[in-house]
There are 2 protein chains.
Amino acid sequence: MSLLVVGSVALDSVKTPMGIAEEALGGSATYFSLAAKQFAPEVNIVAVVGEDFPKKYLDMLTSKGINLDGLTVKEGQTFRWVGEYDETYSDPETHDTQLNVFQEFDPMLPDTYCKSSFVFLGNIDPTLQQKVVEQCHKPLLVAADTMNFWIEGKLDHLKKLLKNINVLLINALEVRLLSGKRGLLEGGKAILDMGPEVLVIKRGEHGALMLSEDGVFTSPAYPTEKVIDPTGAGDSFAGGFMGYLASRGAVDFEEYKRAVIAGTIIASFNVEGFSVEKLANIDKKEILGRMKRFREITSFTVPQL
Amino acid sequence: MSLLVVGSVALDSVKTPMGIAEEALGGSATYFSLAAKQFAPEVNIVAVVGEDFPKKYLDMLTSKGINLDGLTVKEGQTFRWVGEYDETYSDPETHDTQLNVFQEFDPMLPDTYCKSSFVFLGNIDPTLQQKVVEQCHKPLLVAADTMNFWIEGKLDHLKKLLKNINVLLINALEVRLLSGKRGLLEGGKAILDMGPEVLVIKRGEHGALMLSEDGVFTSPAYPTEKVIDPTGAGDSFAGGFMGYLASRGAVDFEEYKRAVIAGTIIASFNVEGFSVEKLANIDKKEILGRMKRFREITSFTVPQL
């Protein structure tokens, strides 16, 4: 089924202990769509870039079968982020953020997008996320990301949005901030009470925890041989998660579990290269191989005591 | 089979966002032995306390069937630790450490201990750990813990010890420090080359990663409803791990996997109370119930792509 993503397309300059990437392709919608396209037949991007945005990046996305009808090129410069990861590869230090044309981003869906069955609202102002939902014709499933900036600054709008979505994908700090609860299970349940049916807590190199009325699922991250650049890990996780669900159509808790695994595996590839280097160059066979391997290294039987 | 543990028995004063415990029972050998005794038929402690050590704590350990023949009461005060956890429950802030009689700890095994089949060397000076190994008569399996202090201060002694043990249980920071490698898999392999057949990387609330020549196993932590006091989580993990192995006798990779699960589940109970409150009051039925639940919330099938 068709999958719509609204988010950023950006130029990232990133330094990690493994090297440097300058003005490389980045942005939440970019990582999301490349990850999702590994599973979903149709991925539609809504985003904005400046006139300076390199044509080679557009061509690459198109060559991967990603629909760019909703990608607007506006007068001005593309969103840029400059950041650096230290040896721990935890939260990067941001050296510079230039929102540029992204500052005035006002997502308008092309008519052909409005019937997308699956919708992912990347981390943008919740009033804009709401506006996107309202442009969609009865989607099967709507998922959203958000961040501390919106939780602190636009809580009322965010809470309104939460009543209109099925899945929220956020990190552990955001769960604590949004719920006001210390424990993840306790906080997660409080968030489910705010509207979404499913909460996926992204824990980066520590895996993911999913909560819903139907149950709990927890997964470690796939242990990768070498992390090159963690940028986009959360967005590629979300892309794998949503892309897998869109490829299935139906959504029950067993499919949600496999969607978490799909996200986990795609994210594990993504961090093995700068920008989308690795993400844009994997195939289904590699993904399936790593999923099987992941099952091997995580499954166990309960002992007799 | 019989299991020997060498480590600390201490009095901890701990403050967490959930409350305060003063002069409560603590120490690595304490947490380890209570966790291990849930599985192993015989648990032998080697440790030292001062004359001020409350008799009620000795009585409690004895009532749980833990052998205290190797627990020496020395003139002076018991090892004390005063620490505090903030809202994140990550590394505690140490307000005070009084080694007292533990400073001169020179572990001597009673004759009856020397034939213990399984041996756990808690986090003490590697020269003392080595001395304990030399007092044992052909144990089936020797495991050890260590810390940054010994890795930085007594690396040669530690490297000698690593050639004489089967399993090393340490955290991710210690893996990086000991191996000099950034990645956990890369670092883990370098440590396996130093001697141990199995490396268990304890990741606290994020689970565990185990490496050996026979394979890799990774597990998230059990998602607990409410964390009260994380003190002793690593030691109770080690106790569950070793206690389970001692209960089986044989050690192959499938048993090692289940041992990681046993450690994970025991640690999940331990953090639900101050000191050993919870750990000392669980039974096999609860443990088995949580193991089954853990299997449910972590298992998945590989999708058709």
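Please refer to the structure placed before this passage.
Heads up: these notes are all about the structure in this document. (Residues numbered from 1 in each chain as written. Chains lettered and ligands numbered in written order. Predicted model: local features only at pLDDT ≥ 70, side-chain atom pairs only at ≥ 80, totals over all residues. Heavy atoms only, no water.)

### Examining empty space enclosed by the protein
Alright, step 1. Throughout the structure, instances matching the rule amount to two cavities of 30 Å³ or more.
Alright, step 2. Estimates place the volume of the largest cavity at around 60 Å³.
Alright, step 3. Considering the residues around the largest cavity, the lining is formed by R295(A), T298(A), S299(A), F300(A), R295(B), T298(B), S299(B) and F300(B).
Alright, step 4. Among the residues forming the lining of the largest cavity, the class breakdown is two nonpolar, four polar and two charged.
Alright, step 5. In this structure, the second largest cavity encloses a volume near 40 Å³.
Alright, step 6. Around the second largest cavity, the lining residues are T218(A), S219(A), P220(A), T298(A), T218(B), S219(B), P220(B), T298(B) and F300(B).
Alright, step 7. Of all the secondary-structure elements, those providing two or more residues to the lining of the second largest cavity are strand 13 (215-219) of chain A together with strand 13 (215-219) of chain B.
Alright, step 8. Its residues placed into classes, the lining of the second largest cavity shows three nonpolar, six polar and no charged. (1 Å grid on protein atoms, 1.4 Å probe; cavity = no way out; pocket = protein on both sides within 12 Å on 5 of 7 lines; lining within 4 Å. Points joined across faces, edges and corners; volume = space filled by probe spheres on them. Nonpolar A, V, L, I, M, F, W, Y, C, P; charged D, E, K, R; others polar. Helix = DSSP H or I, 4+ residues; strand = E, 2+ residues; numbered from the N terminus.)

### Topic: the environment of P92(A)
Residue and element names in this part refer to chain A.
Alright, step 1. Mapped onto the fold, P92 is located in the loop between strand 6 (80-84) and strand 7 (93-98).
Alright, step 2. C-alpha of P92 to C-alpha of T16: the two residues are 76 residues apart in sequence and 9.0 Å apart in space.
Alright, step 3. Excluding residues within four positions of it along the chain, P92 makes contact with W81, E84 and Y85. (Contact = heavy atoms within 4.5 Å.)

### Let's talk about the side chain of S275(B)
All names here are of chain B.
Alright, step 1. With respect to the helices, strands and loops of the structure, S275 is situated in the loop between helix 9 (253-270) and helix 10 (284-298).
Alright, step 2. According to the relative accessible area criterion, S275 is buried, its value standing at 11%.
Alright, step 3. In terms of polar contacts, S275 uses its side chain to reach the backbone carbonyl oxygen of L25, at 2.5 Å.
Alright, step 4. Apart from the residues within four sequence positions on either side, S275 is in contact with A24, L25, Y31, D229 and N270. (Buried < 20%, exposed > 50% of the residue type's maximum accessible area, 1.4 Å probe, protein only. Polar contact = N/O pair within 3.5 Å; in protein donor to acceptor, adjacent residues only side chain to side chain.)

### Focus on the relation of the copies chain B and chain A
Alright, step 1. For the pair chain B and chain A, the best superposition has an RMSD of 0.0 Å and corresponds to a rotation of 180 degrees with a translation of 0.0 Å parallel to the axis. Between the two chains, the operation in question is that of a two-fold axis. Across chain B, the rotation axis passes nearest the C-alpha of P220(B), at a separation of 2.4 Å.
Alright, step 2. Counting the interface residues of chain B, we find that 100% of their copies in chain A are interface residues as well, pointing to one common contact surface. (Least-squares fit on C-alpha atoms with pLDDT ≥ 70 in both.)

### Observations regarding the sheet that holds strand 7 of chain A
Residues and elements named next belong to chain A.
Alright, step 1. The strand order across the open sheet formed by four strands is 3-2-6-7, and the pairing between neighbours is mixed. Across the chains shown, the open sheet's two edge strands, defined by having one partner strand only, are strand 3 (19-26) and strand 7. Direction aside, the axes of adjacent strands within the sheet are offset by 10 degrees on average.
Alright, step 2. Here strand 2 (residues 10-16) runs beside strand 3; their pairing, made up of six bridges, is antiparallel. Counterpart to T16 in the pairing with strand 3 is G19. (Pairing = 2+ DSSP bridges. Axes fitted to C-alpha atoms, helices over the stretch in contact; angles between N-to-C directions.)

### Quick word on the interface of chain B and chain A
Alright, step 1. Every contact between the two is made by 46 residues of chain B and, on the other side, 46 residues of chain A.
Alright, step 2. Summed over both partners, the interface of chain B with chain A comes to about 4,400 Å²; 60% of that surface belongs to carbon and sulfur atoms.
Alright, step 3. On inspection of chain B and its partner chain A, the count reaches eight salt bridges.
Alright, step 4. Here chain B and chain A share 16 residue pairs in polar contact (both at pLDDT 80 or more) between them. (Buried area = accessible area lost by both parts, 1.4 Å probe. Salt bridge = Lys/Arg side-chain N within 4 Å of Asp/Glu carboxyl O.)

### Notes on the sheet that holds strand 13 of chain B
Residue and element names in this part refer to chain B.
Alright, step 1. With mixed pairing, nine strands are arranged side by side in an open sheet as 5-4-1-8-9-10-11-12-13. Two strands close off the open sheet at either side, each with one partner strand: strand 5 (66-74) and strand 13. Recorded for the sheet is a direction-independent mean angle of 15 degrees between the axes of neighbouring strands.
Alright, step 2. Examined bridge by bridge, strand 9 (residues 141-144) and strand 10 (residues 167-171) share two bridges and lie parallel to one another.

### So, the packing of helix 1 (residues 28-36) of chain A against helix 8 (residues 233-248) of chain A
All names here are of chain A.
Alright, step 1. The N-to-C vectors of helix 1 and helix 8 enclose an angle of 40 degrees; their axes lie 7 Å apart at closest approach. By the criterion of interaxial angle, the relationship of helix 1 to helix 8 is oblique. Regarding helix 1 and helix 8, the two cross each other, and that crossing is right-handed. Note on element contacts: helix 8 touches helix 1 through D235, S236, A238, G239, G240, M242 and G243, opposite S28, Y31, F32, A35 and A36.
Alright, step 2. Residues of the contact of helix 1 with helix 8, tallied by class, amount to six nonpolar, five polar and one charged. (Parallel < 35°, antiparallel > 145°, perpendicular 65-115°, else oblique. Left-handed = near helix turned anticlockwise from the far one by under 90°.)

### Notes on the packing of aromatic side chains
Alright, step 1. Summed over all chains, the structure comprises 23 aromatic pairs over all chains.
Alright, step 2. Connected via pairs of aromatic rings, a cluster forms that spans F217(A), Y222(A), F294(A) and F300(B).
Alright, step 3. The aromatic ring of F269(A) is capped on one face by R290(A), whose charged end is 3.8 Å from the ring centroid. (Phe/Tyr/Trp six-rings, centres within 6.5 Å; stacked < 30°, edge-to-face > 60°. Lys NZ or Arg CZ within 6 Å of the ring centre and 35° of its normal.)

### Quick look at the side chain of E174(B)
All names here are of chain B.
Alright, step 1. Here E174 is to be found in helix 6 (residues 172-179).
Alright, step 2. Lacking a salt bridge, the buried E174 has K202 as its closest oppositely charged neighbour, with an N-O distance of 6.0 Å.
Alright, step 3. Once you skip the residues sitting within four places of it in the chain, E174 turns out to touch T146, M147, N148 and I151. (Lys, Arg positive; Asp, Glu negative; His and termini not counted.)

### Brief notes about the environment of R80(A)
All names here are of chain A.
Alright, step 1. Relative to the assigned elements, R80 resides in strand 6.
Alright, step 2. Its relative accessible area of 13% is what places R80 among the buried residues.
Alright, step 3. The spatial distance from the C-alpha of R80 to the C-alpha of V167 is 28 Å, given a sequence separation of 87 residues.
Alright, step 4. A distance of 3.1 Å separates a polar atom in the side chain of R80 from the backbone oxygen of T78.

### Structural notes on the state of the cysteines
Residue and element names in this part refer to chain A.
Alright, step 1. Taken as a whole and judged by the stated rule, the model has zero disulfides over all chains.
Alright, step 2. The thiol of C114 is not disulfide-bonded; the next cysteine sulfur, from C136, is found 6.6 Å away.
Alright, step 3. Of the residues examined, C114 reaches a relative accessible area of 9% and is grouped as buried. (Disulfide = S-S within 2.5 Å.)

### Here's the deal with the pattern of salt bridges
Residue and element names in this part refer to chain A.
Alright, step 1. Applying the stated criterion across every chain, the model contains 32 salt bridges over all chains.
Alright, step 2. The partner of K278 in a salt bridge is E272, and the shortest N-O contact between them spans 3.7 Å.
Alright, step 3. The class for E272 is buried, based on a relative accessible area of 19%.
Alright, step 4. Ionic contacts of the salt-bridge type, sharing partners, join the residues E23, D52 and R80 into one network.

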